[in-house]
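What follows is each chain in one-letter form.
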Amino acid sequence: MSTKITPLNKVLYWTWSSTQHGSKAFRVFDQNPYLDVALKWIPSCTVMLLLFCFPQNIGGETRNNGFYDPVRDRDRHYSKKARNPCEDNPRGERASQRVRQIMDSQDRYWGITRRPLRPRTLCFLKESSGPPEAPEQSFTVRRGDDNNEEYVFISYTRREFCVEIEINRDWAARDRRDLLRFAVAATRAAKVPAFWIDFKCVATDKANIDGTGSLSEDTNDIYEDVYRICDVLRGAHSMAAIVGPPCDRKNAEEQDRQNWLSLWASRMWVLPEILLAPGEHGVWIYIQASGDAPENIVPDKVAKRNLAEFLGSDVEDIRQLIEHYEGSIQLSQLELVQLALDCLRRRTTVERTNADLAYALKGLLRRRPQIMEKESGFEAFASLSLANDSQRLLERLICMLPPDPDADWSDMRDAWEMQLWDIEPTCQIAGIVDDRTVLLDGAYGAAIQWSRLETVAFIKRDTAFRTMGRVAIRGSPIYFTIGVIFVATSSGISTKSSNPLLIIGAIVLAVSLLIILAAPYMLFKIYLGKFWSTQAWFFGIEGAVDDLGRIERSLFGFNENRLTWSTNGSLLSRHLVNDFKECQANPPEKNNIRDMLGSANPVPQANHPGQRQQKIFTLIDTYSMTATMFYAYHPPTTVLICGQEGGMQRAVLCSYDWKTQTYCRETVLRMKTLVLERMFRVDRFRFALRRH
C-alpha cells in the first residue's frame, strides 16, 4: 500500500523526531544530541520558509462532510421470493391474479402449505384378523376422515427396516411384513381401530388414494404429504416405535438392544416424531427379537418426557425441546429454532434432497412455505424464517461469526460465544435471491480503501495561541520578503539622520526570522494534542502491522500514540487492566484462533472447498482511532453494520463478487457504536453468508 504525505508533514516529522530524546534512530550524533537538533532544526526552518510560500494543509482533505466513504450500490433485479408479494416478478395473468388475491385479502396465508386436519388414509383393523403369516389381511386401507377414528402412529427407521423395493426386493418384503405385524399388535394393544404407517398411507406417485391411476384434484398436496407427517403425528392417539437390528444384519446372533434403540433415536427424521408424539398415553417401544413373533413381544411403555435418555449425547437439549412441546417450559421462537436445528444437525439421514434439514425443521413450526423443486437448504430455511414469526432469525444469523469459516448455513454457533437472542439486528431481509443469497436492506455501510494511506483531516479546539500562531507562520514568507525589500531599498536613500526604511526593514526581518526559527515549535503546539474529531475513513492493509506509530505518522504527519489497537474488535484482540484499573489494549495475537476453534468443535455438515488458507489483514479506523487485525480469505471491501450486542456494533466485513453482484461475508468484527454517527445507510444489496 502506498502512502500520500504532504512535504510539510515530512519536514515536521523530521524536526519533531530530532527533539524526542528517546528517538535515537533519527539522530546524527548520539554523543551530542544538541548538535543533532541544530543540524536538523536550521535546515527544516529554511525548507518550511519555502513551503509556506505555497498553500499547504497539514490536516488533509475533509470528505463527505466528515463521513465514511459511502457504499454506492443498488440492486434493481427481482428476487426469487420477495418478503412482500407485491414486489415479486410480474408475469402476465398470474401477476394480475395475485394482485386480486392480495386486494381481496381472502387468503391470508398465501404461499403457505395447508396443514391436514386428518390423515388422507389409515389402516383400519378387521374384526376377524388373518393369520400372522399374512398381516395385510388383518387391515384395510381407506380414507381416514370417517368418524374421526383414533389411530396409532408407527415410527421406525429405514436403517433398521428396509421398505424400499428399489434397494432390495427381498429385504423390503421381509421388513414390510414384520413392520405390519408389529403395527397390528400395537394397534390392538392400544385398543384403537386404526394405525398409520408411511409406506401404506403416504401417496408419493401423485395418483389418487384409490389406486385407480387417475390424478387427484390436488396433486401438490399429495406430493407434500411426505413432508407433512408431523401433522399426522399431532392428531394420533399414541405412538409406537419399532426398533431392531440393521436391515443388513437381521440374522446376526448378537442382541444389542440398547444399540438398536440408539440407532433409531439417532436418525434425523425420528427427532420430530419424538418431540410431537402424544404424551398422555406414553410411547410404546417394540424391540424386534430373533425367533419371537411380534404378537408375543411385550413392549416397553416409556413416558414421553423420559425419551431423552435414549437420545445420545444431547440429552439436555432434547429434554428442553420435549418440555417445550409438553408445555412445562416455554422456549422463545429463537431458542426453539436454534435448539431444534442443532439437534437435527447432529443426527444422520440418507439425503433425498438438498433441503432435508430445513424440511425436517418445517414439521416443528406452524407456517410452512410450499416446497420448491431443487431448492437448497439455505433457500428453504430462509423461506421458513420469513414465513414464521422467527424474531428476525436470518438477520441475527448474518451477524454471527461461525468458528469454522467454511461452515454450512445451519451452524448457528458464534465464535464470540454469543447466542442469537443476544444480537439485536438493525437491518431487514427484503427477499430471497437464489439458493445462497438474500436481499438485504437498511444496513449501515462504508467502503474500505486499499490503494494507499491518505493524509487525514482532523479538528482541534481553537485557542488564541493557535489562531495567532497560524497567522504568524502562514505570513512569515510575506514578513521576510517585506523585510528584505525594505533593507535592500534603504541603501539607495542618502540621509544624514537615521534611515527609517532600514530600521523598519530590520525590525520586520528580525521578527520574521524569529517566527521562522520558532516555526517548528509553533507547529507542534498548534497541531499536537487532543483531536476533537477526525475525518472518518477505513483503510485496509494486507498483512500484520508491527508499528502503529508508523501508520499514525503516515496519516497525521507525526506520532503521538493516538492510534491504538482495538481491545475486543476481533478474535485476535487482546486487553489487560492497567495501573489505573482501566481496560488497555495489547498488541493482537497473530495465530488464527478460528483454526483452533474449528478443530476443537468440528462442524458435521461443513463444506470445505479445498485446503484454503486465510490471510491476515489490518483495518484502520480513523474516526475511532483504532486498528483491528483479523483473518479472511479475501480482502473485504465493505463494512456493513447489521446488528449490535454487548454495547458494540456487529460489523460484517464483505468482499464483492462482481460476477453475481453479491457482497460475501468474510468475517465479523465488533466496533464502537460511535461509528454509526459517520455512516450512511446502504440501499438494497445482495448478500451471501460466504463466497462460493
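If you look the chain up in an unreviewed UniProt entry, it shows as Heterokaryon incompatibility domain-containing protein from Lepidopterella palustris CBS 459.81.

Draft legend 1. Representation of the overall build of the chain within the structure. Within the chain, the regular secondary structure consists of 18 helices and 27 strands. Across the 692 residues of the chain, 51% fall into the buried class. With the model as given, the accessible surface of the chain reaches about 34,400 Å², and the carbon-plus-sulfur share is 51%.

Draft legend 2. Inspection of a nonpolar patch on the surface at higher detail. Residues Ile-503, Ile-507 and Val-511 make up a contiguous nonpolar surface patch of about 250 Å² in total accessible area. Tracing the chain through its elements places Ile-507 in helix α16 (residues 500-527).

Draft legend 3. Structural detail: the UniProt feature "transmembrane region" (unreviewed entry) in the chain. As recorded in UniProt, the sites labelled "transmembrane region" (unreviewed entry) are residues 471-489 and 501-524. Counted over residues 471-489, helix gives 100% and strand 0%. Its end C-alpha atoms are 26 Å apart.

Draft legend 4. Summary view of the pattern of salt bridges. Inspection of the entire model under this criterion finds 27 salt bridges. With a closest N to O distance of 3.4 Å, Arg-83 and Glu-395 form a salt bridge. Separated by 312 residues along the polypeptide, Arg-83 in the loop between β2 (81-82) and α3 (93-104) and Glu-395 in helix α14 (residues 393-398) bring together distant segments of the chain. Given the relative accessible area of 34%, Arg-83 is considered partly exposed. With a shortest N-O distance of 4.0 Å, Arg-574 and Glu-589 are connected by a salt bridge. Here Arg-574, found in strand β19 (residues 574-577), pairs with Glu-589, found in the loop between β20 (583-586) and α18 (593-600); they are 15 residues apart in sequence, far enough to count as distant. With relative accessibility at 29%, the residue Arg-574 sits in the partly exposed group.

Draft legend 5. Highlighting the sheet that holds strand β6 (residues 194-196). Overall, mixed pairing links the seven strands, which are arranged β4-β3-β6-β5-β7-β8-β9 in an open sheet. Every interior strand has two partners, whereas the edge strands, β4 (139-143) and β9 (300-302), have only one. On average, each strand axis in the sheet is inclined to that of its neighbour by 30 degrees, with strand direction left out of account. Here helix α8 (residues 257-265) sits on the sheet and contacts β5 (151-155), β7 (238-243) and β8 (283-287); the angle it forms with β7, its principal contact strand, is near 125 degrees.

Draft legend 6. Looking closely at the environment of Leu-365. Secondary-structure assignment places Leu-365 in the loop between α12 (356-362) and α13 (377-387). What makes Leu-365 buried here is its relative accessible area of 6%. Apart from residues lying up to four places away in sequence, Leu-365 is in contact with Gln-333, Leu-336, Val-337, Leu-384 and Asn-388.

Draft legend 7. Layout of the packing of helix α10 (residues 315-326) against helix α11 (residues 333-345). Across the interface, α10 lies against α11 with an axial gap of 10 Å and an inter-helix angle of 130 degrees. Judged by the angle between their axes, α10 and α11 are oblique. The handedness of the crossing between α10 and α11 comes out as left-handed. Residue-level contacts link Asp-317, Ile-318, Gln-320, Leu-321, His-324 and Tyr-325 of α10 to Leu-336, Leu-339, Ala-340 and Cys-343 of α11. Partitioning the contact of α10 with α11 into residue classes produces seven nonpolar, two polar and one charged.

Draft legend 8. Highlighting the packing of aromatic side chains. The final tally for this structure, using the stated rule, is 17 aromatic pairs. Summarising the aromatic geometry, the rings of Tyr-68 and Tyr-623 are spaced 6.5 Å apart at their centres and angled 80 degrees between planes, so their arrangement reads as edge-to-face. On the criterion of sequence distance, the pair formed by Tyr-68 in the loop between α2 (33-51) and β2 and Tyr-623 in the loop between β21 (615-621) and β22 (626-632) is long-range, its members being 555 residues apart. Accessibility expressed as a relative area gives 16% for Tyr-623, which makes it buried. Grouped by ring-pair contacts, the aromatic residues Tyr-68, Phe-538 and Tyr-623 constitute a single cluster. Over the ring of Phe-531 we find Arg-562, and its NZ or CZ is 3.7 Å from the ring centre. Geometry around Trp-416 places Arg-670 over its ring, the cationic atom sitting 5.7 Å from the centre.

Draft legend 9. Focus on the pairing of β5. Of all the five residues making up β5, five are buried; the element is thus mostly covered by neighbouring parts of the structure. Alternating positions in β5 separate into two faces, Tyr-151, Phe-153 and Ser-155 on one and Val-152 and Ile-154 on the other, with burial throughout. Where β5 and β6 come together, three bridges link them in parallel fashion. By the bridge assignment, Tyr-151 is partnered in β6 with Ala-194. Relative to β7, β5 runs parallel, the two being bridged by four bridges. Across the sheet, the residue bridging to Phe-153 is Met-239, located in β7.

Draft legend 10. Representation of helix α4 (residues 169-190). An ideal rise of 1.5 Å per residue puts 32 Å on 22 residues; α4 measures up with 31 Å between its terminal C-alpha atoms. The N-cap of α4, judged by a side-chain oxygen 3.1 Å from the amide nitrogen of Asp-170 a few residues on, is Asn-168.

Draft legend 11. Local environment of the environment of Cys-343. Relative to the assigned elements, Cys-343 resides in helix α11. C-alpha of Cys-343 to C-alpha of Leu-271: the two residues are 72 residues apart in sequence and 8.2 Å apart in space. If near-sequence neighbours (up to four positions away) are discounted, Cys-343 is found in contact with Leu-271, Asp-314, Asp-317, Ile-318 and Leu-321.

Draft legend 12. Inspection of the sheet that holds strand β17 (residues 538-542) at higher detail. Within the open sheet, the four strands sit side by side as β17-β21-β22-β18. Their pairing is mixed. Sheet topology places β17 and β18 (564-565) at the edges, where each strand pairs with a single neighbour. Of the pairings in the sheet, the one linking β21 to β22 comprises seven bridges and is antiparallel in character. The residue of β22 that forms the bridge with Leu-619 is Thr-628.

Draft legend 13. Structural view of the confidence of the model for the chain. Mean pLDDT over the chain: 82, with 81% of residues reaching 70 or higher. Within the chain, strand β13 (residues 444-447) carries the highest mean pLDDT (97), whereas α3 carries the lowest (50). Low pLDDT (under 50) marks residues 206-219, which in the prediction has 16 contacts with non-local residues, meaning those over four places away or in another chain.

Draft legend 14. Focus on α8. All buried positions along α8 are accounted for by Trp-260, Leu-261, Leu-263, Trp-264 and Ala-265. On its buried face, α8 sits against β5, β7, α9 (270-276) and β8.

Draft legend 15. Representation of the packing of helix α15 (residues 464-490) against α16. Two elements in contact, α15 and α16, have axes whose closest approach is 7 Å; the angle formed by their N-to-C orientations is 150 degrees. Relative to α16, the element α15 lies roughly antiparallel. The handedness of the crossing between α15 and α16 comes out as left-handed. Across the contact of α15 with α16, the residue classes tally to 23 nonpolar, seven polar and four charged.

Draft legend 16. Summary view of the nonpolar core. Judged by nonpolar contacts, the single largest core of 116 residues is most densely connected at Phe-195 and Phe-381. With eight residues, the single largest contributor to this core is α11. Those residues in contact with Phe-195 that sit more than four places away from it in its chain are Leu-122, Cys-123, Leu-125, Phe-139, Tyr-151, Val-152, Ile-154, Leu-180, Ala-183, Val-184, Thr-187 and Cys-201. If you look at the next biggest cluster of nonpolar residues, it comprises 35 residues, including Ala-472, Leu-528, Ile-541 and Phe-558.

Rules used throughout
- Residues numbered from 1 in each chain as written.
- Predicted model: local features only at pLDDT ≥ 70, side-chain atom pairs only at ≥ 80, totals over all residues.
- Heavy atoms only, no water.
- Helix = DSSP H or I, 4+ residues; strand = E, 2+ residues; numbered from the N terminus.
- Buried < 20%, exposed > 50% of the residue type's maximum accessible area, 1.4 Å probe, protein only.
- Areas by Shrake-Rupley, 256 points an atom, 1.4 Å probe, with all protein chains shown as cover.
- Patch = residues over 30% accessible without salt bridge, like charges linked within 9 Å, V, L, I, M, F, W, Y side chains within 5 Å.
- Salt bridge = Lys/Arg side-chain N within 4 Å of Asp/Glu carboxyl O.
- UniProt positions renumbered as here; feature names shortened; annotations may be inferred.
- Pairing = 2+ DSSP bridges.
- Axes fitted to C-alpha atoms, helices over the stretch in contact; angles between N-to-C directions.
- Contact = heavy atoms within 4.5 Å.
- Parallel < 35°, antiparallel > 145°, perpendicular 65-115°, else oblique.
- Left-handed = near helix turned anticlockwise from the far one by under 90°.
- Nonpolar A, V, L, I, M, F, W, Y, C, P; charged D, E, K, R; others polar.
- Phe/Tyr/Trp six-rings, centres within 6.5 Å; stacked < 30°, edge-to-face > 60°.
- Lys NZ or Arg CZ within 6 Å of the ring centre and 35° of its normal.
- Expected span 1.5 Å × (residues − 1).
- Polar contact = N/O pair within 3.5 Å; in protein donor to acceptor, adjacent residues only side chain to side chain.
- pLDDT = per-residue confidence, 0-100.
- Core = buried A, V, L, I, M, F, W, Y, C linked by side-chain atoms within 4.5 Å.

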